[in-house]
Each structure stands twice: as structure tokens, then as C-alpha cells.
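Next come the chains, spelled out residue by residue.
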Amino acid sequence: MSYDILIKKDKYKQFNLRGNPFVKTSAEAMTEEEILKTLVFTAEDESIATNIDIVLSGGGATLSLVGDYGTGKSVRAIAISDTFKRHNGVVFFCKVPSGDPARYAKALFEAVCPEALSLELPPEDKDFIFETYEYYKNLVMKNFELDSHKAGKDLANIFSVLSKNNYITCFIIDEFEELASGGNEKEIREAFTLTREYLSRVHGLNKHMTVICSSPKSWHMVKEVHPAVISRIMGEIEFEELDNDAAVELVSKRLKLYREGDAPDPLFPFTREIIERANEVSFHNPRYLLVILRSTLEAALKREGSQKVDLNDLDTGIRLARGKLSTSILKRMKEELTSRELEIFLKICEKFNGGPVFASQLAESLDIDQGNVSRYLNKLAKMGYLKQTRDGQKVLFEAKELYIVVFAKRKAIKSETQEKNED
Ligand SMILES: Nc1ncnc2c1ncn2[C@@H]1O[C@H](COP(=O)(O)OP(=O)(O)OP(=O)(O)O)[C@@H](O)[C@H]1O
Ligand SMILES: [Mg+2]
């Protein structure tokens with residue numbers, strides 16, 4: 001007996017697909033080929049390309065790619081890496097580990113030295129890289145005290161050596177936000193100092209580019225610690241919301257990758273309307289969009305006689321994705337909100353079914369002063385967690401759609417007929 005019977009891969013055939021195109025929701029889960037085939041360029045990519053061009057023409061650049069969870073930082077890192085390799089560049093890639101600065105230093109040198117040692121270099125340059133590597137490789141094991149200034153300088157020196165030997169290099173530091181998680185304040189500062197020291201020394205280095213991918217919160221922390229240096233030397237690229245055209249292109253490219261046979265149109269079984277609606281509910285975040293579309297497609301397949309994905313499937317899809325979404329949304333909220341703000345927000349979702357609710361009702365339920373509650377509510381609205389509406393003189397607060405479905409567990413997507421009936 002084979003498990004094929006239970007896997008039912010054939011079910012996707014009804015939509016001319018060979019599988020669910022939205023299963024992979026992070027760069028790490030995808031092959032380089034899949035990433036390059038599905039990447040959609042947005043305004044931010046223009047700036048990335050300009051900087052790559054500067055480096056390939058002999059200049060130097062340092063870039064930070066700043067964006068929330070799942071906004072496409074790592075897929076850009078892969079596309080940058082691919083471009084450099086196509087132009088005979090040498091790419092070094094470091095995924096930042098959480099923990100103390102010595103671990104960070106070790107990871108940086110491990111990402112750079114072995115690869116650099118495999119290049120053709122004069123013996124004295126090889127010796128220098130070899131010795132530097134020996135030292136930092138053993139740092140954690142031997143419990144050496146890290147000199148973060150020196151570490152930054154040593155790292156930059158390796159790239160100077162490579163540039164002097166006419167190599168075009170690109171150093172990608174991904175998941176920079178890991179530095180801010182775990183360590184104490186002193187350790188975080190040390191790691192930032194190493195980074196700053198390195199950046200200020202590679203600044204202007206010919207034929208070299210450094211790319212740092214970070215969450216906005218961690219990036220702002222670095223800037224607070226070293227404001228002048230960082231803003232002077234870095235080109236900052238902040239990922240904006242995915243607009244509807246980009247969302248449609250993303251879906252179309254994903255579907256194409258999984259297409260089998262002739263489909264009636266490139267978006268089949270989706271429609272532009274469904275994708276726009278899903279994008280809106282996902283807060284225009286590519287990863288949330290993929291997670292929601294994955295289960296929306298499954299919902300449509302389960303529905304008997306379904307010809308296309310409809311708004312009810314989208315609603316079911318969001319509810320099916322609830323578990324996965326709530327974990328990641330809560331993680332983000334814990335980073336952004338104080339525990340009081342989070343408590344109030346979850347109260348609106350869980351006790352008041354997502355709202356609408358008046359400040360006075362909440363104040364009573366939480367036993368907090370109404371003035372304070374109003375301040376919290378206004379802040380939550382400003383940060384995009386709540387919507388405000390008016391009822392005469394009074395203001396009502398309601399959680400945004402995605403939060404309603406995930407935390408309040410009620411239906412948020414209305415079908416067209418429902419909306420028309422309400423009008
Ligand atoms: N511009 C885009 N074009 C195509 N796919 C995208 C785009 N942006 C994001 N994605 C898709 O969204 C998912 C998340 O992207 P990625 O892993 O690069 O995000 P990230 O910002 O690195 O997230 P994290 O904060 O978890 O590291 C991936 O599956 C990727 O294919
Ligand atoms: Mg990433």
C-alpha cells in the first residue's frame with residue numbers, strides 16, 4: 001500500500017496545478033531558482049539595482065534592507081547574490097546567530113575567511129586571512145575577551161585585501177535583528193560597535209558592497225546607538241507595503257511555477273478581486289498573503305463543485321491559517337507594543353469580539369482610568385491595529401480584519417451580497 005492514495009496530489013489538477021503554489025513562505029524554504037522565478041520588483045529594487053551598478057562599475061556601497069517579518073528581505077539578498085555571481089563577483093553570506101558578540105564575530109569570520117582562502121591570493125595575504133580566522137574561530141571556545149573595535153577593523157581589512165587583489169565582493173549579513181534578541185544591553189552595544197567599526201572602514205572601499213537585512217526595530221536601535229556614523233555611510237532601503245499590482249504579479253508568478261496544462265487565464269483559479277482582497281486583509285505583507293492564499297486554495301478544493309476561488313473560500317482560508325498567523329502576529333506585536341497595550345488589544349478581540357467598542361466600556365472591564373484607556377486606544381489606532389469610527393460625539397474602536405479573524409475568531413470577510421444588503 002502506498003501513501004500516494006492518501007496524499008491526493010491529483011486534487012490540484014482540477015485547477016491546472018501540480019501542487020499548492022503558496023506552501024513556501026520564506027526564502028529559506030525555496031531554491032535559488034524558485035526565488036528568482038517568482039521575485040516581483042517593487043520601487044525598492046530600483047535603488048538596490050543602482051547600488052549594485054555602482055559596485056560593479058568599480059565603486060563601493062553599503063546598504064541596509066529594512067523591513068518587517070516576511071517583507072522579502074532574504075529573497076532580495078538571494079537576488080543580489082545571484083547578480084554579483086553573474087558578474088564574477090564573490091559573495092559571502094552570514095546569517096546572524098543570537099547570543100553574545102563573540103558568537104557574532106565568529107559567525108562573521110566564518111562566513112568570510114574560508115571562502116576568501118579559496119581564492120587566488122599572494123601568500124602574505126593568505127597568511128593574514130588564515131591567522132585572523134584562527135583567532136576568531138577559537139574565540140568562543142577559548143573564552144577570549146572580544147575587542148569589538150579590533151574585530152570590526154580585522155573584518156574590514158580582509159575585504160581591503162580582496163579589493164586590492166581586484167576581486168569584486170559582496171558581503172550579505174542577514175537576520176541582523178537576532179543581535180537584539182537574547183543578549184543584554186552591554187552585549188548588544190558591543191555587537192553594534194563591531195558592526196559600526198566594520199562599516200566605517202569598508203565605506204568607500206572599491207568593488208565592495210555590504211548588505212545588512214534587518215527588522216525596523218533593530219535597525220532603529222543601531223541608529224540610536226551610533227546615529228551619525230550609520231546615517232553617513234549607509235544607503236537605507238525600507239520596504240513599503242506590497243501594492244495590489246505587485247500582489248497580483250506575485251500570485252501570477254507563483255501559479256506559473258506550478259502550472260500544469262492549459263489554464264483559462266494566468267490567475268486561474270484566482271481572480272484579481274480575490275487577490276486584492278487577500279492583500280488588504282494581509283496588511284499588504286507578502287508572507288501573510290502567501291499563508292492566507294495557501295489555505296484559501298485548500299478551502300476551494302474541499303468545496304464540492306468549486307470552479308474558482310471565491311470570497312467564502314478566502315474567509316475559510318483565513319480561519320484555517322489562524323494558528324500559523326497568530327503565532328507570527330503575536331511575535332511581532334510583542335516587539336512593538338507594551339504589555340499593557342497588548343492586554344488592551346487582546347481584550348477588545350477576545351472579550352468584545354473585535355469591537356466596535358467605546359473607551360468607557362473597556363475602562364470598566366479592565367478597571368483602568370478612562371483617560372488612560374483612551375490614550376492607549378488612540379496609540380493602537382495610530383499604529384494600525386485599530387480602526388476608528390464615530391457614533392455621534394463618541395469614538396468607537398474596532399480591530400482590523402486580520403486581527404478579528406485570528407484573535408476574535410469571527411467572520412470578517414463579507415461577500416458582495418452581504419455588503420450590498422447592508423448598504
Ligand atoms: N517582492 C517579492 N516578490 C516575490 N515574492 C516575495 C516578494 N517579497 C516577499 N516574497 C515572498 O514572501 C516570502 C517571505 O520573503 P522573505 O523570506 O524574503 O522575507 P524576510 O523579509 O526575509 O522575512 P524574515 O523577517 O522572516 O527574515 C517568501 O516566500 C518570498 O518568496
Ligand atoms: Mg529573512
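Residues numbered from 1 in each chain as written. Chains lettered and ligands numbered in written order. Predicted model: local features only at pLDDT ≥ 70, side-chain atom pairs only at ≥ 80, totals over all residues.

Caption draft 1: Structural context of the overall build of the chain. Counting its regular elements, the chain contains 20 helices and eight strands. Projected onto the principal axes, the alpha-carbon positions of the chain cover approximately 80 × 60 × 45 Å. With 423 residues in all, the chain has 40% of them scored as buried. (Helix = DSSP H or I, 4+ residues; strand = E, 2+ residues; numbered from the N terminus. Buried ≥ 20, exposed ≤ 12 C-beta atoms within 10 Å, placed from the backbone.)

Caption draft 2: Main features of the nonpolar core. In this structure, Ala-105, Val-112 and Val-211 are the most contacted members of the largest nonpolar core, which totals 60 residues. When residues in this core are grouped by element, the largest group, eight residues, is from helix H5 (residues 101-117). Look past the residues within four positions of Val-211 in its chain and what remains in contact with it is Leu-63, Leu-65, Ala-77, Ile-80, Cys-170, Ile-172 and Ile-173. Counting residues in hydrophobic clusters, the runner-up holds 48 residues, among them Leu-242, Val-291, Ala-359 and Leu-386. (Core = buried A, V, L, I, M, F, W, Y, C linked by C-beta atoms within 7 Å. Contact = placed C-beta atoms within 7 Å.)

Caption draft 3: Representation of the sheet that holds strand S1 (residues 60-66) within the structure. Pairing within the open sheet is parallel, and its five strands lie in the order S2-S3-S4-S1-S5. Looking at strand neighbours, the two that pair on one side only are strand S2 (90-95) and strand S5 (235-238), the edges of this open sheet. If you compare each strand with its neighbour and ignore which way they point, the axes differ by 15° on average. On the sheet, helix H4 (residues 73-86) packs against S1, S2, strand S3 (169-174) and strand S4 (208-214) and is oriented at approximately 165° with respect to S3. (Pairing = 2+ DSSP bridges. Axes fitted to C-alpha atoms, helices over the stretch in contact; angles between N-to-C directions.)

Caption draft 4: Structural context of the site of ligand 1. Within the structure, ligand 1 sits among 21 residues, and Val-40, Gly-72, Lys-73, Ser-74 and Pro-286 are positioned closest to it. If you list the elements that add at least two residues to the shell around ligand 1, you get H4 and helix H13 (286-302). For the shell around ligand 1, the class distribution of residues is eight nonpolar, nine polar and four charged. (Near = placed C-beta within 6 Å. Nonpolar A, V, L, I, M, F, W, Y, C, P; charged D, E, K, R; others polar.)

Caption draft 5: A look at the environment of Phe-84. Structurally, Phe-84 can be placed in helix H4. On the basis of neighbour counts, which here come to 19 C-beta atoms within 10 Å, the residue Phe-84 falls in the partly exposed class. In the structure, Phe-84 is positioned 86 residues away from Cys-170 in sequence and 7.2 Å away in space, judged by C-alpha atoms. The residues touching Phe-84, leaving out its near neighbours within four places in the chain, are Gly-89, Val-91, Ile-168 and Cys-170.

Caption draft 6: Representation of the domain arrangement of the chain. Considered domain by domain, the chain is made up of domain 1 (4-18 + 242-323), domain 2 (43-238) and domain 3 (337-408). For domain 1 versus domain 2, the separation of C-alpha centres amounts to 38 Å. Each partner contributes residues to the interface: domain 1 has four residues there, and domain 2 has five residues. (Domains from an automatic or database assignment.)

Caption draft 7: Just the sheet that holds strand S6 (residues 357-358), in detail. Pairing is antiparallel across the open sheet formed by three strands, whose spatial order is S6-S8-S7. Two strands bound the open sheet, and with one partner strand each, they are S6 and strand S7 (386-391). Both S7 and strand S8 (residues 394-399) contribute to a ladder of six bridges, which runs antiparallel. Residue Arg-390 lies in a different strand from S8, and its bridge partner there is Val-395. Across the face of the sheet, helix H18 (residues 370-382) comes into contact with S7 and S8 while running at roughly 120° to S7.

Caption draft 8: Spatial organisation of the environment of Arg-319. Within the secondary structure layout, Arg-319 lies in helix H14 (residues 311-320). Arg-319 sits 25 residues away from Ile-344 along the chain, and the two C-alpha atoms are 23 Å apart.

Caption draft 9: Main features of the pairing of S4. With seven of seven residues buried, S4 lies mostly within the body of the structure. Residues His-208, Thr-210, Ile-212 and Ser-214 line one face of S4 and the alternating positions Met-209, Val-211 and Cys-213 line the opposite face, and both faces are buried. Pairing geometry for S1 and S4, over seven bridges, is parallel. Paired with Leu-65 across the bridge in S4 is Cys-213. When S3 meets S4, the two strands line up parallel, connected through five bridges. Paired with Phe-171 across the bridge in S4 is Thr-210.

Caption draft 10: Spotlight on the packing of helix H16 (residues 339-350) against helix H17 (residues 359-366). Packing of H16 against H17 brings their axes to within 11 Å, and their N-to-C directions diverge by 105°. Taken together, the axis directions place H16 and H17 in an arrangement best described as roughly perpendicular. Contact residues: H16 offers Ile-344, Lys-347 and Ile-348, while H17 offers Leu-362, Ser-365 and Leu-366. In terms of residue class, the contact of H16 with H17 is made up of four nonpolar, one polar and one charged. (Parallel < 35°, antiparallel > 145°, perpendicular 65-115°, else oblique.)

Caption draft 11: Molecular detail of H18. Taking 1.5 Å of rise per residue, 13 residues should cover 18 Å, and H18 covers 18 Å from first to last C-alpha, within 8% of that figure. Restricting attention to buried positions, one finds in H18 the residues Val-373, Tyr-376, Leu-377 and Leu-380. Down the axis, H18 shows its buried residues gathered within 100° of arc, on one side only. Across H18 from its buried face, at more than 90 degrees, point the exposed residues Gly-371 and Lys-382. On its buried face, H18 is in contact with H16, H17, S7 and S8. Immediately beyond the C-terminal end of H18, within one or two residues, lies Gly-384, with a positive phi of roughly 90°. (Expected span 1.5 Å × (residues − 1). Arc of directions from axis to C-beta.)

Caption draft 12: Fine view of unusual backbone geometry. Residue Phe-268 is joined to Pro-269 through a cis peptide bond whose omega torsion reads 5°. Looking at where Pro-269 falls in the secondary structure, it is placed in the loop between helix H11 (244-257) and helix H12 (272-281). With an omega of 5°, the peptide bond between Gly-355 and Pro-356 qualifies as cis. Following the sequence through the fold, Pro-356 ends up in the loop between H16 and S6.

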